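Letter by letter, the chains look like this.
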Amino acid sequence: MKTRLKAVTLPMVLVISVLIILVVLFVYSLWEMNFFHYSSYHYKKQQQENLNSGIVLYCNDSTFLRNHNEEKDYRLYEADSTSIINFLTKQWGFYEVVSVSSHNGSFSSTRLLGKKQECNHRAALWLCDRNRALSLSGETELRGKIFIPLNGINYTEIDGEYYGGEEIPYSLLAIADAELPPIDSNCLSFPENLKGSRCIAVDLPATTNTYYGFQMPTSFFKLTENKDDILLRGNAVLFAEELKISASSKINEVIICARKVTIEEGFTGSIQIFCSDTVLIYENVTLQYPSGIFVDAEIDRPYVSLSENSEINGYVIIKGKIRDEELLFPAYRQSEKSLLRGLLYVDGTTNIRGEISGAVYLKDCFFTSNQNVYAGALYNTRILRNDNIAYPIFLSGEYTRKEIKSVY
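The text that follows walks through the structure, step by step, so that each part is easy to find. (Residues numbered from 1 in each chain as written. Predicted model: local features only at pLDDT ≥ 70, side-chain atom pairs only at ≥ 80, totals over all residues. Heavy atoms only, no water.)

1. Structural notes on the packing of aromatic side chains
Keep this limit in mind: The rule is short: rings of Phe, Tyr and Trp, with Trp giving its six-membered ring, pair when the centres are within 6.5 Å, and they are stacked under 30 degrees, edge-to-face over 60, tilted in between. By the criteria applied, helices consist of DSSP H or I runs no shorter than four residues and strands consist of E runs no shorter than two, each listed in order from the N terminus. Any residue under 20% of the maximum accessible area for its type is buried, any over 50% is exposed, and the rest in between are partly exposed; the area is computed with a 1.4 Å probe on protein chains only. Charges are assigned to positions over rings by a cutoff of 6 Å between ring centre and Lys NZ or Arg CZ, combined with an angular limit of 35 degrees from the ring normal.
One pass over the structure, following the stated rule, counts 19 aromatic pairs. Here F94 and F294 contribute two aromatic rings whose centre-to-centre distance is 5.1 Å and whose plane-to-plane angle is 90°, an arrangement assigned as edge-to-face. Of this pair, F94 sits in the loop between strand 2 (84-92) and strand 3 (95-101) while F294 sits in strand 21 (residues 286-297), placing them 200 residues apart in sequence. Taking 5.6 Å as the distance between ring centres and 50° as the angle between the ring planes, the aromatic pair formed by F190 and F274 counts as tilted. Of this pair, F190 sits in helix 2 (residues 189-197) while F274 sits in strand 20 (residues 268-281); the two residues are 84 residues apart in sequence, bridging distant segments of the chain. The same class applies to F190 and to F274, which are both buried. Here the aromatic residues F94, Y95, F190, F274, F294, Y315, Y345 and F394 are joined through ring pairs into a cluster of three or more. Sitting above the plane of the F64 ring, K72 keeps its charged end 4.1 Å from the centroid.

2. Focus: the sheet that holds strand 9 (residues 153-155)
Going by this rule: For two strands to be treated as a pair, DSSP must find at least two bridges joining them. Only C-alpha atoms enter the line fits that serve as axes; for helices the fit covers just the stretch in contact. Angles between N-to-C directions range over 0 to 180 degrees.
With parallel pairing, 3 strands are arranged side by side in an open sheet as 9-6-28. Strand pairing shows two members of the sheet lacking a second neighbour, strand 9 and strand 28 (377-379), which therefore form its edges. When the angles between neighbouring strand axes are averaged without regard to direction, this sheet yields 20°. Taken together, the 3 bridges between strand 6 (residues 134-137) and strand 9 define a ladder with parallel strand orientation. Within strand 9, the residue paired with L136 across the bridge is Y155.

3. Quick notes on helix 2
Selection criterion: The arc in question is the one traced by the directions running from the helix axis out to the C-beta atoms. The criterion used for residue contact is that any of the two residues' heavy atoms lie within 4.5 Å.
Among all positions of helix 2, only F190, P191, L194 and S197 are buried. Burial along helix 2 is one-sided: seen end-on, the buried residues are contained in an arc of 110°. In the core, the buried residues of helix 2 are packed alongside strand 2, strand 15 (219-222), strand 17 (236-239), strand 19 (250-263), strand 20 and strand 21.

4. Thoughts on the nonpolar core
Note the threshold: Among buried residues, the Ala, Val, Leu, Ile, Met, Phe, Trp, Tyr and Cys ones that are joined through side-chain atoms within 4.5 Å form a nonpolar core.
One finds I293, Y332 and L344 to be the most contacted residues of the largest nonpolar core, which totals 56 residues. Ranked by the residues each element gives to this core, the list is headed by strand 19, at 6 residues. When neighbours within four sequence positions are excluded, I293 is seen to be in contact with I273, V279, I281, L287, V304, I312, Y315, V316 and I317.

5. Section: the environment of E49
Relative to the helices and strands, E49 is located in helix 1 (residues 9-60). Sequence separation between E49 and S83 is 34 residues; the distance between their C-alpha atoms is 9.8 Å.

6. Let's talk about the state of the cysteines
Basically, it comes down to this: Working definition: a disulfide is two cysteine sulfur atoms within 2.5 Å of each other.
Taken as a whole and assessed by the stated rule, the structure comprises 0 disulfides. Summary of cysteine pairing: C119 is not part of a disulfide, and the nearest cysteine sulfur, belonging to C128, is at 12 Å.

7. Quick look at the pattern of salt bridges
Put simply, the rule reads: We define a salt bridge as a contact between a side-chain nitrogen of Lys or Arg and a carboxyl oxygen of Asp or Glu at a distance within 4 Å.
For the coordinates displayed, the defined rule picks out 21 salt bridges. As a salt-bridge pair, R259 and E241 come within 2.8 Å of each other at their nearest N and O atoms. Within this pair, whereas R259 is found in strand 19, its partner E241 is found in the loop between strand 17 and strand 18 (242-245), the two being separated by 18 residues in sequence. Overall, the relative accessible area of 27% leaves R259 in the partly exposed class. With its nearest N and O atoms 3.5 Å apart, the salt bridge here joins D277 to R259. Of this pair, D277 sits in strand 20 while R259 sits in strand 19, and the two are 18 residues apart along the sequence. Exposure remark for D277: the relative accessible area of 14% places this residue in the buried category.

8. Remarks on the environment of L57
Inspection of the secondary structure puts L57 in helix 1. For the pair formed by L57 and K145, sequence separation is 88 residues and the distance between their alpha carbons is 30 Å. Those residues in contact with L57 that sit more than four places away from it in its chain are F64 and Y74.

9. Considerations on the pairing of strand 26 (residues 354-369)
Extensive coverage of strand 26 is indicated by the burial of 14 of its 16 residues. Sheet topology places strand 5 (residues 125-127) next to strand 26; 3 bridges connect them, and they run parallel. The residue of strand 26 that forms the bridge with L127 is L362. Sheet analysis places strand 26 next to strand 29 (residues 381-385), joined by 5 bridges and oriented parallel.

10. Structural notes on the sheet that holds strand 2
Taken in spatial order, the 5 strands make up an open sheet running 1-2-3-4-30, and their pairing is antiparallel. In this open sheet, the two strands that pair with only one neighbour each are strand 1 (71-75) and strand 30 (401-407). The mean angle between the axes of side-by-side strands here comes to 30°, regardless of whether they run parallel or antiparallel. In this sheet, strand 3 lies alongside strand 2 in antiparallel orientation, the contact comprising 7 bridges. Within strand 3, the position partnered with L88 by the bridge is S99.

Here it is in structure tokens:
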């Protein structure tokens, strides 16, 4: 007996079959889309990790790139053609800018780097041997390894106030040489090259919101007369003869090259200052990390002063040819209630109070009170070794770099 199907059965079968096929195709599309997103995410993640690996490689291998402004390709994994990364480095003041990009240029990262340690001594304080002892008085505190003159330490009294701290253990003491530790001569090419760039500088625009990116060539500007407000950010150099920076100025990551720089009360920003004479920092000023001051006085006496309630995060480096044998003209003066976080290197005399967190290398120091001069003395001074920051690339020694931050 033959079974007869209703005429409506065949269309229903076709509809159901089409629906099943659509569901299968939908599921397959979802799976394929998910796989595509996963692959894309994994690729992006891998490229970012490649960039990070490149930074780690550069920070730890002194032979990887021997010269600044040198470009190099490097293949991280032999079996992976997409692991090729490109490097380009340049000196930025006494720090370094390293740009790393992926094999096709789709991913890139630019980092600002310093040194992990300022030099192999890793001192809290180095005071050159001047045939006299280091004298400590008042609420002075030294924490870390101390390199002192051969004559040792005197715990003494100034103006009726005796040293109130603890005696420094012999295990933390070492003998300093008569000269400061050597400078990495390569780093001094940057301030020399700055002088040659002055001739290509153009007038600073009246107003600009431009951020000068570090993946582009450096912009050079000049200022022939002082402005009430200066707005300048990023990969830029500003030249001036005498420059006053007001509290309302907005300056970040910029390098300033001048004979004399005055930073007025209330300013906050990050600057590296390259100066040939004088830098005056008034009260309530904050130079954010990583900032710095480099003074190289070829003729006159260099001078940097840090006023009360102000701070510098980065470095102060002073070189001078004229010696202050009579201890009358300190190259660096730091007031009480002020802070320097980073490297202090002074090839001259200093009169220091307040706090320094980092590493201090001094040719000589003194303290004055009631017209009395106390040679080789620290009074109410706190010097604390700090290994948590990246130091400027200035002194000779271990190569290892340390990342400061990403720049754009």
